[in-house]
Each structure stands twice: as structure tokens, then as C-alpha cells.
Amino acid sequence: MTNRKINGKSQYNEDAIIEEIFNTLKISKGIFFEIGVNNMTLDRSLQCNSINLINKGWKGKLIDANFQHPLVINEFISIKNINDIAKLAGEKIDFFSIDIDSYDWHIIREVLQKKIIDVNVFCVETNNYNGHCFLDRVLKLDSPAPNTKGFPKNDAFGATTFSYNLLMVRFGYKLVATSHYGVNAFFVKEKFATLFAK
């Protein structure tokens with residue numbers, strides 16, 4: 001994407017978790033694909049989970065429907081276009097991150113069901129609804145989502161960690177970490193699960 005260091009950071013402690021995961025997997029340079037980028041930092045720098053990977057020379061794509069930045073492709077992601085858009089980064093993706101405050105769970109399910117891309121590590125934003133991470137709760141696909149089509153932001157978006165875990169286990173992924181406050185959950189392919197402490 002670029003040879004110069006990009007100023008930015010992740011939202012909570014995702015950078016440290018991502019570094020530990022890929023150190024454990026012994027992947028020093030790979031491919032990332034991230035949906036949902038912004039500049040909600042105090043210094044208005046780029047905020048995304050892939051920022052440290054970019055600065056380490058990883059290749060990949062940043063996607064966001066609204067956020068304007070030279071490194072970001074402006075595209076609204078849905079279950080209808082996710083597989084075509086994800087292929088922009090290649091058929092094999094080491095790190096896939098999503099945070100769009102809407103139909104995130106459905107988009108991940110589409111990626112997993114269609115198997116058009118092969119992903120080693122997923123980072124998904126969760127919505128644990130005031131601490132209720134053990135509820136099986138997913139925003140219905142036909143429900144209006146915040147941040148889409150003019151609907152105001154509210155807590156009716158995404159899915160709980162529990163709901164994501166049910167989905168990911170079905171497709172051969174294991175939950176290995178969550179960020180501060182459980183905002184993001186990290187899943188690796190089952191074949192890597194033994195590398196991570198229980």
C-alpha cells in the first residue's frame with residue numbers, strides 16, 4: 001500500500017493481540033483485509049485494526065463506505081458483494097477484520113459459507129448488549145441497522161460474542177482472545193488452536 005509509516009492505532013488493545021497471534025503463528029508479513037475504518041482518534045489519525053500490520057509491510061485492503069482516506073476503498077459492503085470485494089485482497093487472507101456496526105455477522109457467515117476466500121484469523125466486532133455476552137443475539141438481516149440508510153446509531157447492531165462463537169465453530173474456527181471490554185473477538189483456524197493457551 002505504501003512504504004511510509006502511517007500514523008494511527010487500533011481502538012482498544014487490538015494491536016497487541018494481533019501481534020501476539022501472528023507471532024504465535026510465525027507469520028511476519030501477510031495479507032490483511034479490513035472492513036470499517038475511521039479517524040475517531042483524538043489526533044484524527046487512521047483508526048483500524050490493521051494499522052501495525054500496514055506499518056510492518058503487510059499488503060491488503062482497507063474498506064469503508066464513508067471514510068475518506070488515500071488508503072481506503074469507499075464501498076458499501078453487503079452480503080451481495082462481500083465475496084467479490086474480499087477477493088481484491090486475494091484468495092488467501094491472513095487477517096480479516098470487520099467493524100461496520102450493522103450486518104457484520106451475516107457478512108462473516110456469507111464469507112464462511114461461500115468459501116471464496118481462505119482466512120487464517122478473523123477479528124469481529126461484537127455487541128454484547130450491556131455485558132450480556134452469553135446471549136445468542138444477532139441483528140436480523142431484514143431489520144434496519146444503525147449507520148445504514150439514515151438510521152441513527154443505537155445498540156441494535158451486530159452480534160454477541162456467543163453468537164459469533166456458535167457460527168465460527170461450525171466452520172472450523174476457535175475463539176482465542178477478546179479485546180478490552182469484549183469489543184472485538186479473535187478467531188483462528190482450528191488447526192492453529194493448540195498453539196494458543198487455553
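Residues numbered from 1 in each chain as written. Predicted model: local features only at pLDDT ≥ 70, side-chain atom pairs only at ≥ 80, totals over all residues. Heavy atoms only, no water.

Novice: Help me understand the overall build of the chain, please; the structure alone is not making it clear to me.
Specialist: Summing up its helical and strand segments, the chain has 5 helices and 9 strands in all. Counting from the amino terminus, the chain carries its helices and strands in the arrangement β-α-β-β-α-β-β-α-β-α-β-α-β-β. Residues classed as buried in the chain amount to 51% of the 198 residues present. In the chain, the proportion of contacts linking residues at least 24 apart, taken out of those at least 6 apart, comes to 71%. Here the chain displays about 10200 Å² of accessible surface, and carbon together with sulfur accounts for 52% of that area. (Helix = DSSP H or I, 4+ residues; strand = E, 2+ residues; numbered from the N terminus. Buried < 20%, exposed > 50% of the residue type's maximum accessible area, 1.4 Å probe, protein only. Contact = heavy atoms within 4.5 Å. Areas by Shrake-Rupley, 256 points an atom, 1.4 Å probe, with all protein chains shown as cover.)

Novice: So what exactly am I meant to see when it comes to helix α5 (residues 161-170) here?
Specialist: Residue pairs three or four apart in sequence face the same way in an α-helix, which turns once every 3.6 residues. Every buried residue of α5 is listed here: T161, S163, Y164, L167 and M168. The buried residues of α5 all sit within an arc of 160 degrees when viewed along its axis, so they share a single face. In the core, the buried residues of α5 are packed alongside α4 (104-114), β7 (118-125), β8 (173-178) and β9 (184-189). Immediately beyond the C-terminal end of α5, within one or two residues, lies G172, with a positive phi of roughly 85 degrees. (Arc of directions from axis to C-beta.)

Novice: Would you mind showing me how to read the side chain of D64 here?
Specialist: For D64, the position within the fold is in strand β4 (residues 59-64). Owing to a relative accessible area of 14%, D64 belongs among the buried residues under this scheme. Only 3.0 Å separates the side chain of D64 from the backbone nitrogen of V37, close enough to count as a polar contact. Within the structure, D64 has its side chain in polar contact with the backbone nitrogen of N66 (distance 2.9 Å). Look past the residues within four positions of D64 in its chain and what remains in contact with it is G36, V37, V72, I73, N74 and E75. (Polar contact = N/O pair within 3.5 Å; in protein donor to acceptor, adjacent residues only side chain to side chain.)

Novice: Can you walk me through the sheet that holds β7 in this structure?
Specialist: Each strand in a sheet pairs with another by means of backbone hydrogen bonds, the pair being arranged parallel or else antiparallel. Strand order in this open sheet of 7 strands is β5-β4-β2-β6-β7-β9-β8, and the pairing throughout is mixed. Each edge of the open sheet is held by one strand with a lone partner, namely β5 (72-74) and β8. Taken pair by pair, the neighbouring strands of this sheet meet at an average axis angle of 20 degrees, ignoring direction. Strand direction decides the pairing type here: β7 and β9, joined by 5 bridges, are antiparallel. In the sheet register, V121 faces β9, and the bridge partner there is V188. (Pairing = 2+ DSSP bridges. Axes fitted to C-alpha atoms, helices over the stretch in contact; angles between N-to-C directions.)

Novice: Explain the confidence of the model for the chain to me, please; I cannot follow it from the model alone.
Specialist: Reading predicted coordinates in detail is not appropriate for stretches of low pLDDT. Per-residue pLDDT for the chain averages 82, and the proportion of residues at 70 or more is 75%. Under a pLDDT of 50 for its full length, residues 1-7 has, in the predicted model, 16 contacts with residues more than four places off or in other chains. (pLDDT = per-residue confidence, 0-100.)

Novice: I tried to follow the pairing of β9 on my own but got confused; where do I start?
Specialist: Sheet faces and side chains relate simply in a regular strand, where the side chains alternate between the two faces. Most of β9 sits inside the fold, with 6 of its 6 residues counted as buried. Sheet topology note: the β8/β9 ladder contains 5 bridges and is antiparallel. Across the sheet, the residue bridging to A177 is F186, located in β9.

Novice: Just checking my understanding: could you explain unusual backbone geometry for this structure?
Specialist: Outside of glycine, negative phi angles account for most residues, and trans bonds account for most peptide bonds. Within the chain, K26 stands out as a residue other than glycine whose phi angle is a positive 60 degrees. Within the fold, K26 resides in the loop between α1 (14-25) and β2 (31-35). Classification of K26 as exposed rests on a relative accessible area of 73%.

Novice: Help me understand the packing of α4 against α5 in this model?
Specialist: A pair of packed helices can be characterised by two numbers: the angle between their axes and the separation between those axes. It is at 10 Å that the axes of α4 and α5 come closest, and there the two elements cross at 5 degrees. Here α4 is positioned roughly parallel relative to α5, judged by the angle of their axes. From α4, D104, W105, I108, R109, L112 and Q113 reach across to α5, where they touch S163, Y164, L167, M168 and R170. Looking at the contact of α4 with α5, its residues break down into 6 nonpolar, 2 polar and 3 charged. (Parallel < 35°, antiparallel > 145°, perpendicular 65-115°, else oblique. Nonpolar A, V, L, I, M, F, W, Y, C, P; charged D, E, K, R; others polar.)

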